[in-house]
Amino acid sequence: MNKQINTTNDPKKEAAEALPGGGMLLSSSNPVEEDTALLKETFKEKYKWGFVTDIEADSAPPGLDESTIAFISAKKDEPEWLLEWRLNAYRHWLTMEEPDWAHLKYNKPNYDEIIFYSAPKSLADGPKSLDEVDPELLETYKKLGIPLAEHAALAGVAVDAVFDSVSVGTTFKDKLEEVGIIFCPISEAVHSHPELVKKYLGTIVPYSDNYYATLNSAVFTDGSFVYIPKGVKCPMDLSTYFRINAKSSGQFERTLIIAEEGASVSYLEGCTAPMRDENQLHAAVVELIALDDADIKYSTVQNWYPGDENGVGGIYNFVTKRGKCQGDRSRITWTQVETGSAVTWKYPSCILLGDDSVGEFYSVALTNNYQQADTGTKMIHIGKNTRSTIISKGISAGQGQNIYRGLVRIQKGAENARNYTQCDSMLMGDRCGAHTFPYIEVKNKTAKAEHEASTSKIGEDQLFYCNQRGISTEDAINMIVNGFCKEVFRELPMEFAVEARRLLEVSLESSVG
Amino acid sequence: MTTPLLEITNLHANIEGKEILKGVNLTVMPGEVHSIMGPNGSGKSTLASVIAGHEAYEVTDGSIRFNGIDLLELEADQRACAGVFLAFQYPVEIPGVSTKFFLKAAVNAIRKYRGEEELDAMDFLDMVEEKAESVSLSIDLLDRNVNEGFSGGEKKRAEVFQMAMLDPLLGVLDETDSGLDIDALKIVAEGVNKLRSKKRGFIVITHYQRLLDFIVPDFVHVLKDGVIVKSGDKSLALELEEKGYAGIESCGSACSCS
């Protein structure tokens, strides 16, 4: 249940090495049993109101009520205030309706059937060797350039003896601790740094924020916690590999990143290999706080299971991500490459409160087959001289639907605020769609907001031109698409950009022709 | 006897069901420069596109042999690799892709096809510098995206430069002179002339005789309504200039050209 977290400059390699649950899963002889014993006790003390769930179980029964929440909270041995917070969220959630303003068509999840808490499968339950793994999946890993050693790990093969995770994890942890950085699962932070969690949790995305964020607040299972102290530049990119532990951490991640005055950090959230996750709903929440002169760069590569070529299955990715530039001259940058999920509903946003603060949003969203993405950002300018940049690239192929939805709001006091928005769509074939819904609200006369939009079709002419120079159609498509996404890819850390490129190539395979 | 570089026999081609080429015959030997002239809509650009393998055109009859192989069997990219180069009338822009990157991909795709080793960045840049000079192309232009924001003259010079880089056996120039002033025309023509060799053949498609003052053809053909109605030497181009296409008499059944 602990999220596997690692610090790394080479995400692929480190993630591979860190596989066996980062020692977190394997560190004790039988962690599940131990946990449960502990839980039993805690539970008896704290929750006396008719909670009937069998805590011996590794999973909560399907559906959601107050006892499910108590169960989750008890499993994590949480303090009273957090349980209260979860319950408040749950009670509020009951009064809310699932939003339907997005340009999306899907069957709403049946919340009575969802299992909201599930302990990790033991590694021994997985396939015993690569021979038992779907060959198509292995082929994709190969195309993504993932080292063979890692294939087994990704496919969930029991490989506990292969990787030396503990040493790697510890080395980085030591290095970070030296400069006072806290980087751990949020469930751990609740115990080790309760004052920080209590101070910031829900301050950027309140539990009442929106349907999915509220649901997340009630039931979140794990996520990352990052704290960068005053003046510290994080010496390496921090990354969380959901692909390693998604099965254990479930569908409701919650991440909280705090950068104190003058601090800076680059955080990578990624799953560059496809996750054959059967969970239908992923409702995550990410909160970022940047104080004076702080700088947070948050990069995501999302490749959840998109469903098959007929639109069957796939993840609903309903995510709330928001950052607050609380301090003067602070900066928050969101970069996302979204290629997976059947349905994406996601608007990483910035609240530009501090004077001279900067918000940036760089996005590539690709929809193929029957995928749908309604994604964009909100830039709320409150402080003086605040600046925001939005670069959105939507690629639609097959029968995919790609929607950019963005809000630029410049409040009354935001003297000299500036926004630049560029919103480009590329269509491949004639059955897909691209839609743009930009909202611009300007309440200050000195402010300037610019919006540029374009729609292009990956033309026969472009392909023929490339072919005529000896370049194959497949290479030509990759070249044209990569060219289209260049402004976003250059915002990604190097290794991530390379993987993102490969991912687009794999996702677009045989989409034209 | 030498194998013809290009041998087009009774070529018929449609686009969207409309027949454009109605039985074209043309033979180009290595080292020869053939000019194709003709009024608008006569099928000149279609001929160029069909040779290069544009999918929108359907070949309904006839054959094209290139350097001893059946060209119609090959996809457009394979034809390029086999040595067919088309200098486009309207070169296409590719946003976000630098000209250098694009050309390196092209050069290496072709080298791979020929069984040659791919060029590394250093060797490639050396080659770029050498070839760019031959068409007086500023190297800076090559850092810009493919054809994006190029002037008309820059686009055409870039096409000739690409031809020099890719070293084809057959260069098809589709109205490379259109939209060029006289100075630009001279530079482009000079670039082409430098590429003339005993092995390489050219098909130069143009409306105007003017280009042929600078790229002197061995043969001139008049394409009218999808067939070659008259063939001759350079003097035919001058005759056309004087009389216009309307004044051209078909050479009749005795001539091998139609």
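Everything discussed here concerns the structure shown above.
Let me sum up the structure you'll find in this document. Note that this is a predicted model, so its numbers are computed, not measured. (Residues numbered from 1 in each chain as written. Chains lettered and ligands numbered in written order. Predicted model: local features only at pLDDT ≥ 70, side-chain atom pairs only at ≥ 80, totals over all residues. Heavy atoms only, no water.)

1. Describing the side chain of S357 of chain A
All names here are of chain A.
Here comes step 1: Following the sequence through the fold, S357 ends up in the loop between β13 (349-352) and β14 (358-367).
Here comes step 2: On the accessibility criterion, S357 (0% relative accessible area) is buried.
Here comes step 3: A distance of 2.8 Å separates the side chain of S357 from the backbone oxygen of G354, its partner in a polar contact.
Here comes step 4: If sequence neighbours within four positions are ignored, S357 has contacts with C325, G327, R329, S330, L352, N385, T386 and R387. (Helix = DSSP H or I, 4+ residues; strand = E, 2+ residues; numbered from the N terminus. Buried < 20%, exposed > 50% of the residue type's maximum accessible area, 1.4 Å probe, protein only. Polar contact = N/O pair within 3.5 Å; in protein donor to acceptor, adjacent residues only side chain to side chain. Contact = heavy atoms within 4.5 Å.)

2. Some details on a negative patch on the surface
Here comes step 1: A contiguous patch of negative charge, built from E117, E118, D120, D123, D126, E129, E130 and E133 of chain B, is present on the exposed surface.
Here comes step 2: Among the secondary structure elements, E130 of chain B is positioned in helix α4 (residues 121-134). (Patch = residues over 30% accessible without salt bridge, like charges linked within 9 Å, V, L, I, M, F, W, Y side chains within 5 Å. Areas by Shrake-Rupley, 256 points an atom, 1.4 Å probe, with all protein chains shown as cover. Salt bridge = Lys/Arg side-chain N within 4 Å of Asp/Glu carboxyl O. Lys, Arg positive; Asp, Glu negative; His and termini not counted. Charge placed at Lys NZ, Arg CZ, Asp CG, Glu CD.)

3. Quick look at the interface of chain A and chain B
Interface size is commonly expressed as the accessible surface area that is lost when the partners come together.
Here comes step 1: Counting residues at the interface gives 17 residues for chain A, matched by 33 residues for chain B.
Here comes step 2: When chain A packs against chain B, close to 1900 Å² is buried across both sides, 67% of that on carbon and sulfur atoms.
Here comes step 3: If you sort the residues of chain A by the area they bury against chain B, F464, Y465 and R469 of chain A come out on top, with a joint share of 39%.
Here comes step 4: Along the contact surface separating chain A from chain B lie 10 residue pairs in polar contact (both at pLDDT 80 or more).
Here comes step 5: Going through the elements one at a time, α12 (460-468) and α13 (473-489) of chain A are the ones with two or more residues in the side of chain A that touches chain B.
Here comes step 6: The element best represented in the side of chain A that touches chain B is α12 of chain A, accounting for 8 residues. (Buried area = accessible area lost by both parts, 1.4 Å probe.)

4. Here's the deal with the sheet that holds strand β3 (residues 33-37) of chain B
Each strand in a sheet pairs with another by means of backbone hydrogen bonds, the pair being arranged parallel or else antiparallel.
Residues and elements named next belong to chain B.
Here comes step 1: If you trace the 6 strands from one edge of the open sheet to the other, you get β6-β9-β10-β3-β11-β12, paired in mixed fashion. On the outer flanks of this sheet lie β6 (84-87) and β12 (227-232), each paired with one strand and no other. The mean inter-strand angle of the sheet, taken between neighbouring strand axes irrespective of direction, is 20°.
Here comes step 2: Inspection of the sheet shows β3 paired to strand β11 (residues 219-224) by 4 bridges, in the parallel sense. Across the sheet, M37 pairs through a bridge with V222, a residue of β11. (Pairing = 2+ DSSP bridges. Axes fitted to C-alpha atoms, helices over the stretch in contact; angles between N-to-C directions.)

5. Considering helix α3 (residues 66-75) of chain A
Residues and elements named next belong to chain A.
Here comes step 1: Counting buried positions over the 10 residues of α3 gives 9, a clear majority of the element.
Here comes step 2: All buried positions along α3 are accounted for by S67, T68, I69, A70, F71, I72, S73, A74 and K75.
Here comes step 3: Downstream of α3 by one or two residues, D77 has phi in the positive range, about 55°.

6. Thoughts on unusual backbone geometry
Here comes step 1: One non-glycine residue with positive phi stands out, namely D293 of chain A, at about 60°.
Here comes step 2: Its place among the elements puts D293 of chain A in the loop between β8 (285-290) and β9 (295-302).

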